[in-house]
Amino acid sequence: MRVLILGGTGLTGPFVARRLDGLGHEVTVFHRGEHEAQMPDGVRHIHGDFAHPPVDLRQLAPDVVVLMRAMTEADAKEFLEVFRGSAGRAVAISSGDVYAAYGRLLRLDSGPPGDLPIAEDAPLRESRYPYCRPGSLPGDWKNWYDKVLVEQTLRAQSEIPVTILRFPGVYGPNDNHRFRPWLQQMTDDPEVLRIQEDFGGWRWTLGFSEDAAEAVVLAATNGQAAGRTYNVGEPHAPTVSERLEEWGRIAGWNGRIVGAPADEFPISQRMPYDYSHHLVIDTSRIRAELGYAEVVPREEGIARTIAWERATASP
């Protein structure tokens, strides 16, 4: 099978390419060349801007196109314009931030907490462009980021069957240092880690990068995934306090987590969201339909992430 990965050199893409190559598929990665990842010799690289690619990507006649970085409605439309009539199927990476619970968490939308866990047919966010902020630069992609619009654009056509994968918060080596602040605080204070109490009780589904990549591989190689939407992530989401206790234990920290009201923290350190809206995602559909299961033991994934954080920390 010919697989074209658009993007694919970030957090999860290299694992997707390696796994597909190992399964015997013909893999091409098209990316801007700003980051390079270690890939098997059999994986072909094409560098360029998607708006002006150095080759006609349609001539690759991919059986499956994996959209690792479709961030805006314009990205989705551009993909369809290029690959309409030449791609067999597509797998598009979306996000759990499409759900109404996320808009309410950010206080962009109003409404009571919904049912948990959040299944694929749960209400979606009503607000748009959740990361657009006053004063941001006009060319900042965050001004136009919205996975709800990406999904709607891809679903509004029928020429290219699309599988939507709604990713959780993904962590692992080369992530955006999601856990570095907490690990640093554990290093600075071996006895106590103070966190905002409502944040400490919040629950959010996460996933290790290599495990998330396995979901992409399953969706790309199983034709029955066409037209389906799947949540991806860990089977159980602990509270933030429970998660930090787990990470601290694996990091060798023997301190304790202490919750405190928001007004006891400096304004710059207060967490501004409504933590009554949990982001606990139901991942039972992909497990039942595609046989998804984690490929890396939980503690190993955490340990690998901690080791990377320590290796990349400033002296």
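Structural data are supplied above this passage.
All figures in this text were calculated on a predicted structure; none of them were measured in a lab. (Residues numbered from 1 in each chain as written. Predicted model: local features only at pLDDT ≥ 70, side-chain atom pairs only at ≥ 80, totals over all residues. Heavy atoms only, no water.)

Undergrad: Honestly, the pairing of strand β5 (residues 89–95) in this entry has me stumped. Any pointers?
TA: Sheet faces and side chains relate simply in a regular strand, where the side chains alternate between the two faces. Judged by how many residues are buried, β5 sits mostly within the fold: seven of seven residues are covered. The alternating pattern of β5 places Arg89, Val91, Ile93 and Ser95 on one face and Ala90, Ala92 and Ser94 on the opposite face, and all of these are buried. One ladder, built from four bridges, connects strand β4 (residues 64–67) with β5; its direction is parallel. In the strand pairing of β5, Val64 is matched with Arg89. (Buried < 20%, exposed > 50% of the residue type's maximum accessible area, 1.4 Å probe, protein only. Helix = DSSP H or I, 4+ residues; strand = E, 2+ residues; numbered from the N terminus. Pairing = 2+ DSSP bridges.)

Undergrad: Even after reading the chapter, I still don't get the packing of aromatic side chains, so can you show me in this structure?
TA: How two aromatic rings sit relative to each other is given by the distance of their centres and the angle of their planes. Here the structure, examined in full by the defined rule, presents 15 aromatic pairs. A centroid spacing of 6.1 Å and a plane angle of 80 degrees characterise the contact between Tyr171 and Phe179, whose relative ring orientation is edge-to-face. Here the two residues Tyr171 and Phe179 agree in accessibility, since each one is buried. On the numbers, 5.8 Å between centres and 25 degrees between planes, the contact of Trp182 with Phe199 is stacked. Here Phe199 lies in helix α6 (residues 197–200) and Trp182 lies in helix α5 (residues 180–188), a separation of 17 residues in the sequence. Here Trp182 and Phe199 have matching classes, each one buried. Here a set of aromatic residues connected by ring pairs shows up, and it is made of Trp182, Phe199, Trp202, Trp204, Tyr273 and Tyr275. Its end group placed over the ring of Phe15, Arg18 keeps NZ or CZ at 5.3 Å from the ring centre. (Phe/Tyr/Trp six-rings, centres within 6.5 Å; stacked < 30°, edge-to-face > 60°. Lys NZ or Arg CZ within 6 Å of the ring centre and 35° of its normal.)

Undergrad: Help me understand the packing of α5 against helix α8 (residues 240–251) in this model?
TA: A pair of packed helices is captured by two measures, namely the crossing angle of their axes and the spacing between those axes. Interhelical geometry of α5 versus α8 gives an angle of 55 degrees and a closest axis separation of 11 Å. The angle between the axes of α5 and α8 places the two elements in the oblique class. The crossing of α5 and α8 is right-handed. Taking contact as the criterion, the partners of Trp182, Leu183 and Met186 in α5 are, on α8, Leu244, Trp247, Gly248 and Ala251. Of the residues in the contact of α5 with α8, the class split is six nonpolar, one polar and no charged. (Axes fitted to C-alpha atoms, helices over the stretch in contact; angles between N-to-C directions. Parallel < 35°, antiparallel > 145°, perpendicular 65-115°, else oblique. Left-handed = near helix turned anticlockwise from the far one by under 90°. Contact = heavy atoms within 4.5 Å. Nonpolar A, V, L, I, M, F, W, Y, C, P; charged D, E, K, R; others polar.)

Undergrad: Looking at this structure, how should I read the environment of Val91?
TA: Secondary-structure assignment places Val91 in strand β5. Take Val91: its relative accessible area is 0%, and that puts it in the buried class. In sequence terms Val91 and Val162 are 71 residues apart; their C-alpha atoms lie 5.7 Å from each other. Here Val91 is in contact with Val64, Val65, Val66, Leu67, Thr163, Leu165, Val216, Ala219 and Ala220, once residues within four sequence places are set aside.

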